[in-house]
Structure formats: structure tokens, C-alpha cells
Amino acid sequence: MQLITKLEQAQQQGQLLESTLAHLKTWLEGQFLPDWAIQSIDELVEGGHWEELNDRFYQHLAFGTGGLRGRTIGKVSTQSELGGAQAGETPAHPAIGTNTLNDFNIIRATIGLFRYTQQWLCKEQMYETPSLVIAHDVRHFSRHFCELAASTWNRLGGRAFIFEGPRSTPQLSFSVRHLHCHAGVVITASHNPPHDNGFKAYFSDGAQTVSPHAEGIIEQVNAVALSDLPDFLQTDLSGVITLSRSADEAYLALLQELIIDETALRKHPPKVVFTPIHGTGAISSLPVLRSVGVVVVEVEEQAKADANFPTVKSPNPENAEALSMGIAKAMETDAQIVLATDPDADRMGVAVRSRDGEWVLLTGNQIGSLLADYRIRTLKDAELLPEEGSAKAALIKTFVTSPLQEAIATAHGIKTINTLTGFKWIGEKLRNYEETLREQLLENEGLALDYDKTAIWTRAELLLDYSTFVVFGGEESYGYMSSDRVRDKDANAAVLLFCEMAAYYEGQEMTLVEALDALYYEHGFYCEQTVNLYYEGAAGSQKIQNILDSYRIDPPKQLAGNSVLRSTDFAKDDIRDADGKRIPPQDFFFIELDNGYSYAVRGSGTEPKIKFYLFAHEPVGENDELDAVKANTQESIETMANAIKADAEARAAGGSKG
């Protein structure tokens, strides 16, 4: 084939990586690519787009423990892929490549998930038809990938459910349990740039897959042969079930039952500005907020679903810029709060008005700390949690989430469970607690519990008696959970809980900024900062690995004039949570300094970056000026951040270490 000859010449001239050539040859010789895909590769070769070819083919898009995520539109789009689409429109075809999210990789992932699920059912002697529910967000190709996956699942002999349109990630998690499905998938890349998309897998408990399912699914996905793909490239929806409105109503009912103090909402209904940032948030958040009396003002320009997210640089509610239109609308309408959700509505960002009228952007750590403290206090007020707390009540957070939340939990007399980054680990703890409750009830009472059909507060009481009741779960990256029937972060529930909390503090004649400061006076000032270093493409991937390897081989001895007291390597050290359960090994490092500050290092599982999480804590005395403590601490953590960046750049290049 002339095209392969050109590719071989390019590799000999140093323009293509060896792995790129090998993957291209395998795909071109596999006799499964349609004409448009071969033409697309030819266009890239003729145009000399070697870097683009390397990025697309240097590796296989890895099916990690959460699924797939990557570019679905290339940096360079070919005419064969565009198919006449204009700027801003969805191309006719997703980007061809072993390292891009396209039809081939969606089919491969679906076949692997089906085969594992089928094997698991046989192993468990559950002779049932494998069932799957799929949701999708508003991104480019999201609906197409959803229908393609559903079609593939049905053709394999399974039963697939889809929604009539976009739905949020937390509703997918809920629906897996509600529909008694064996697996779930959501097509989303969360808050990634518009050119990305993803395939996120869930198992029968409604949580993202963890061991042993994760490894089993990965093994099956990797075993899918290229020759298996052609039979599934044409979508057939004749056997796919489209869910009715009742599926939405069940999720909305769950959200409403999470309210503890509805009286506060009725007495002091907050006025909020809400924006879904062109995503799925409005589908569930708006109706449930309005049903409990919250006065909601929409950001009209951002209410319309749009895969390009045209009004923001990034559809990420962590970023101040993403909330700017909401703040402008709040100033115009005299609202007190701005709430924003990301495209798949699992993350929530917040801005609040202070007493002097200034707008304050709350971090994910601050939001989570406020919600956790409020949730625990309200559970105690409602006598759903003992006033003195309970060793069988827990707050779950990730290691990289603010230690303030552990201080809050300890003060309230409940334990803190720290997990690795990612809500799948929080979901795993919920599954463990559910399984313990079932086992203990059966052993002690002879009762077989229907977990999800048991009333929420009855279930909480049983968990406190026989297992562990999770009062709140969260992570610093703007994800929060308050229901164990949703095994993922849930922005729809979070906006409702935040409004309930705002109503409560309005009744106390406190602003939310004052409520946060009250936590600092009680527990000390906690300050966090995240440093993200981006390294894209094949070369970038190597730099990230260089940094991680160097922390294992040569951990830092000092940083910004402070000595390192302890360096914990989660891949080698035996780390256990508060239940005594071992934390799974991972490329994750935790560095403690002699001034009481600390930081964590990990590679992102969803974006081409390495992340550093910085933590500072200073006591606040009764006579201390909190503003001065804040300023001094923030200056210190900024110095720390600059030192970490400089050290990381040297490690990325393979140079000197700290």
C-alpha cells in the first residue's frame, strides 16, 4: 500500500514515532476502516501533519479504571472528517486514531464491558440478560456515541436503556440502581475543553468501577480484536429502550427527600442566579429548586445547550471566568448567590455576596466544608444523628481535600475516611457499608434488606446501628454527595443543599462568608492551592512520567526554606483508612514540611497534566485579626507554589531535583 510506504519513510526520517507507525500499519492492514477514515489518514500524510499523526496514534487510548476520555476532534481536522461541517458544527466523523475517542474505541469499550458483565453474571450464577443504561451530555458526538454504544450492547445480546436527550452524570448513577441494571455508561468529558469526550463506566452498585471489576473490564476491552469492530459500525436502535418521564421523576423525588430543614427554605427562600454553562444542569436543578420555593434567575445566554460552550473559555465552574456572567446577572437582579454546574452536572461552583456587597468566589474546599458542617449540624438538630456524634457516622473525603473537613468531623464526634482522588473510591466505601449492613441485618435479625426501597432516614438509622452512616462526601474539585443512592458527585443535589444552607444562615442573620469565617475561628485558618502543569501529546506524557518517577527515586529534601519531614509514596507504603482498609497502590505522593504545611502530587487521570495540592494551616486566636492571618498564610502558600513549580520543571526535563 502506497500510504504505508509513505508512513515508513516518514518514520525513517524521524517524523513519526515507532509506536505511531506500528499502530497506523495495524489499523490500515486490519481491513476494518471505512473509506473516510483511510482518506483522513492520507490527508494528514499529504499535509505533512506528523505531530498530529503522532498525537493520534502514538498509543492506544487507555481504558482506565473509570473508562475512556480524550480528543474526539483533532487539533487538525481533515476534510474527510469534517464532511462539509462549518466552524463550530459537529464534524461528520470523530477524529481517526488509536488515541482519540471515536466509533472504533466506543465499540471496543462497549464490547469489553459487555463481555465482562456477561462473565460476571455467569460467575455469580445470575442467568439474566446483561442490562445497561446510558446517559450523555451535550458535547460533540455525545448522542451519536450513546446510540452507538446502545446499539452495540443490544447486538451482543444485551438490553440497553437510553434517555430521550441529555442527562446528568449523577442521574445516570442513580438510574443504574433504580432500573436494577448491571452496568451504566455516561458519555461525557465533564468540564474538559469542547474537543474532548469520554466513556465513563459504572457497575451494578451505581458507582464507577473499581477492583476487581475495573481490572476485569480493562482486560476484556484490551482483548477486543479489530476484526470484531466492523459488524457494529452501523447503529441500529430497533431494540433499544428509550426511558419515559418516570425515570426523571424518580430522580427528582430523590433530590427532594434529601432536604432536612424545609421550614428554613420556606421562611427564607434565597434568591439565586443559576447557570448550567450550556450543559445538563438545568434539566434537574431548576425544577427541584423551584419546587421548594427558591427564587431562581437564569443566565439566559448560558441556558441553551451548546457543545462549543461559546460564552466561556472553559465550562469549568472552578474558574472565576465561568461565573462572570452569573455574577453580572446577580448584580442586575439583586440576587445573593450564583450557582454554576459543569456540562454533565456533577460539579458545582459558587459565588456569594458578602455583607459589604462584594462578590466572593468560594473554592471547592470551602464549599465542601460549609456543606459538611451544615449537614452534620442539621442532622443533629433533627435528631437523626446523636448530639455527641457517633463512631458509626463518617465524613468521606479524598486525601487532597482540605483537612478542615476532618477537623469539622472530629469536632462533631464522627470519623473521617480519606480516599484516593476520584469519587469511585467514595462509591466503593458506600458499597462496603451497604454490604456490611445487609450482612449484619441478616445475621442478627434474619432480615433481607431492600436497600433502595428502605426510607432514607430509616436506612440511616440502620447504618448507625449495624454499619456506617455517611453524612457527607466530597472532593476539592467541586464535587459533593449527600445521598447514598447516588454513588457519584451530584451538582443537582448540591445546589439544593446549598440553598437550604443559605436559608438556614439567613435565619441566623449570617452571610455565608461569615459562616465560613466562623469555621476558621473555631478550627483555625485552612488555606489550599492547586498547581496544574500541562504537558500535552506524546512528549508531554513523558514529562509527566519523569516528574512522578523522580519523586519516587529522589523525593525532595527541602522546599522554600523548609525541610521535608516525611515523604509518603502511596505506590510502595502501606496506607490504611480509618476503617483499617488498605489504600490501593497508586502514583501519588504526600510531602509533609517542618512548618506544618504539606502538599500532594499526582498525575491527572482525565487531562494531560500533573497536579500539586498545597495545604496550609495556621491557628486563629480569639484576639487575632483573621484578615491578617489569611494574608500571611496566603503569602506563604504562594511562595511554596512557586518553589514547587520550579522544582517540577527541573524534574520534567530530567534535571536537578529539590
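Reading guide: rules and limits
Residues numbered from 1 in each chain as written. Predicted model: local features only at pLDDT ≥ 70, side-chain atom pairs only at ≥ 80, totals over all residues. Heavy atoms only, no water. Helix = DSSP H or I, 4+ residues; strand = E, 2+ residues; numbered from the N terminus. Rg over C-alpha atoms; globule rule 2.2 N^0.38 Å. Contact = heavy atoms within 4.5 Å. Areas by Shrake-Rupley, 256 points an atom, 1.4 Å probe, with all protein chains shown as cover. Lys, Arg positive; Asp, Glu negative; His and termini not counted. Charge placed at Lys NZ, Arg CZ, Asp CG, Glu CD. Expected span 1.5 Å × (residues − 1). Buried < 20%, exposed > 50% of the residue type's maximum accessible area, 1.4 Å probe, protein only. Pairing = 2+ DSSP bridges. Axes fitted to C-alpha atoms, helices over the stretch in contact; angles between N-to-C directions. Core = buried A, V, L, I, M, F, W, Y, C linked by side-chain atoms within 4.5 Å. Polar contact = N/O pair within 3.5 Å; in protein donor to acceptor, adjacent residues only side chain to side chain. Parallel < 35°, antiparallel > 145°, perpendicular 65-115°, else oblique. Left-handed = near helix turned anticlockwise from the far one by under 90°. Nonpolar A, V, L, I, M, F, W, Y, C, P; charged D, E, K, R; others polar. Disulfide = S-S within 2.5 Å. Salt bridge = Lys/Arg side-chain N within 4 Å of Asp/Glu carboxyl O. Phe/Tyr/Trp six-rings, centres within 6.5 Å; stacked < 30°, edge-to-face > 60°.

J.: Help me understand the overall build of the protein chain in this model?
T.: Within the protein chain, the regular secondary structure consists of 22 helices and 21 strands. At 25 Å, the protein chain has a C-alpha radius of gyration in line with the 26 Å of a compact globule built from 658 residues. In terms of principal-axis extent, the alpha carbons of the protein chain reach across some 80 × 60 × 55 Å. Of the contacts made within the protein chain by residues no fewer than 6 positions apart, 72% connect residues no fewer than 24 positions apart. Surface exposure of the protein chain reaches about 25300 Å², of which carbon and sulfur atoms provide 47%. With 57 positive and 92 negative side-chain charges, the protein chain shows a separation of 3 Å between the mean positions of the two kinds.

J.: Would you explain helix α7 (residues 142-155) in this entry?
T.: Note on helix geometry: an α-helix contains 3.6 residues per turn, so any two residues three or four positions apart are oriented the same way. In this model α7 runs 20 Å from its N-terminal to its C-terminal C-alpha over 14 residues, within 8% of the 20 Å that 1.5 Å per residue would give. For α7, the tally of buried residues reaches 10 of 14 residues, placing the bulk of the element in the interior. All buried positions along α7 are accounted for by S142, F145, C146, L148, A149, A150, S151, T152, W153 and N154. If you follow the buried residues of α7, they end up packed against α6 (103-123), β2 (131-136), β3 (159-162), β4 (183-187) and β5 (196-203). Directly after α7, the chain includes G157, whose backbone phi takes a positive value near 110°.

J.: In this structure, what is going on with the sheet that holds strand β8 (residues 295-298)? I would like to understand it.
T.: The 5 strands lie next to each other as β8-β7-β9-β10-β11, forming an open sheet whose pairing is mixed. The open sheet is flanked by β8 and β11 (359-362), the only strands paired with a single partner. Geometrically, the sheet is characterised by an average inter-axis angle of 25° between neighbouring strands, direction not taken into account. Here helix α15 (residues 364-381) sits on the sheet in contact with β10 (348-353) and β11, set at roughly 85° to β11.

J.: Could you clarify how one ought to interpret the nonpolar core in this entry?
T.: When a protein is soluble and globular, its nonpolar side chains tend to lie buried together. L339, M348, V471, F498, Y599 and F612 are the most contacted members of the largest nonpolar core, which has 105 residues in total. The residues contacting F612, other than those within four sequence positions of it, are Q529, T530, V531, L533, I547, Y551, Y599, A600, V601, I644 and A648. Residues L28, I41, L44 and I96 belong to the second largest nonpolar core, which totals 59 residues.

J.: How should I be thinking about the sheet that holds β2 in this particular structure?
T.: Pairing between the strands of a sheet comes from backbone hydrogen bonds, and it takes one of two forms, parallel or antiparallel. Spatial ordering of the open sheet is given by β1-β5-β4-β2-β3-β6, a layout of 6 strands whose pairing is mixed. Each edge of the sheet is formed by a strand with only one pairing partner; in this case those strands are β1 (67-71) and β6 (241-242). Examined bridge by bridge, β4 and β5 share 5 bridges and lie antiparallel to one another. When the sheet's bridge partners are listed, G184 is paired in β5 with Y202.

J.: Is there a simple way to think about the side chain of E81 in this case?
T.: For E81, the location among the structural elements is in helix α5 (residues 79-82). Within the structure, the side chain of E81 is placed 2.6 Å from the side chain of R56, a separation counted as a polar contact.

J.: Even after reading the chapter, I still don't get the packing of α6 against helix α9 (residues 213-222), so can you show me in this structure?
T.: Close contact between α6 and α9 brings their axes to 8 Å; oriented N to C, the two are set at 125°. One element, α6, and the other, α9, form an angle in the oblique class. As for the relative orientation of α6 and α9, their crossing is right-handed in sense. When α6 is examined against α9, the residues R108, A109, G112, L113, R115, Y116, Q119 and W120 are found in contact with a partner set consisting of H213, G216, I217, Q220, V221 and N222. Partitioned by chemical class, the residues of the contact of α6 with α9 number 6 nonpolar, 6 polar and 2 charged.

J.: When you look at the side chain of S390 in this model, what are you seeing that I'm missing?
T.: On the secondary structure map, S390 appears in strand β12 (residues 390-398). Ignoring any residue separated from it by four or fewer positions in sequence, one finds S390 in contact with G413, I414, K415 and L464.

J.: Help me understand the environment of E506, please; the structure alone is not making it clear to me.
T.: Relative to the assigned elements, E506 resides in helix α19 (residues 491-507). Under the relative-accessibility criterion, E506 is labelled partly exposed at 48%. Note: C-alpha distance between E506 and M640 (134 residues apart in sequence) is 37 Å.

J.: Would you explain α19 in this entry?
T.: For α19, which comprises 17 residues, the first-to-last C-alpha distance of 24 Å matches the rise-based estimate of 24 Å (1.5 Å per residue) to within 8%. With 14 of its 17 residues buried, α19 lies for the most part within the structure. E509 sits one or two positions beyond α19 and adopts a positive phi of about 60°.

J.: Teacher, can you tell me more about the packing of helix α8 (residues 169-178) against helix α10 (residues 245-257) here?
T.: Helix-helix packing: each pair is described by the crossing angle between the helix axes and the interaxial distance. Two numbers describe how α8 lies on α10: the axes approach to 10 Å, and their chain directions differ by 105°. Judged by the angle between their axes, α8 and α10 are roughly perpendicular. Counting all contacts with α8, which are made through P170, Q171, F174 and H178, the residues of α10 involved are A247, D248, A250, Y251 and L254. Of the residues in the contact of α8 with α10, the class split is 6 nonpolar, 2 polar and 1 charged.

J.: Just checking my understanding: could you explain the state of the cysteines for this structure?
T.: Simply put, the disulfide is a covalent bond whose two ends are the sulfur atoms of two cysteines. A complete count under the given rule lists 0 disulfides for this structure. In this structure C181 is a free cysteine whose sulfur lies 13 Å from that of C146, the closest cysteine sulfur available. Overall, C181 belongs to the buried group, its relative accessible area being 3%.

J.: How should I be thinking about the pattern of salt bridges in this particular structure?
T.: When the charged atoms of two side chains lie near each other, side chains of opposite charge can form a pair. This structure, assessed with the given rule, holds 41 salt bridges. For D517, the salt bridge identified is with K630, shortest N-O distance 2.8 Å. Here the residue D517 occupies a position in helix α20 (residues 512-523), and K630 occupies one in helix α22 (residues 626-652), the gap between them amounting to 113 residues. Across the pair, K630 and D517 agree in class, each one buried.

J.: What exactly am I supposed to notice about the packing of aromatic side chains here?
T.: Each aromatic ring pair is specified by the distance between its two centres and by the angle formed by the two planes. Per the counting criterion, the structure on display carries 19 aromatic pairs. The interplanar angle of 90° and the centroid separation of 6.0 Å between the aromatic rings of W27 and F57 together place this pair among those described as edge-to-face. Of this pair, W27 sits in helix α2 (residues 18-28) while F57 is found in helix α4 (residues 50-57), placing the two residues 30 residues apart along the sequence. Taking the centre distance of 6.0 Å and the plane angle of 20° together, the rings of F590 and F615 count as stacked. Taken together, the positions of F590 in strand β19 (residues 588-593) and F615 in strand β21 (residues 609-618) put the pair 25 residues apart, joining distant regions of the chain.

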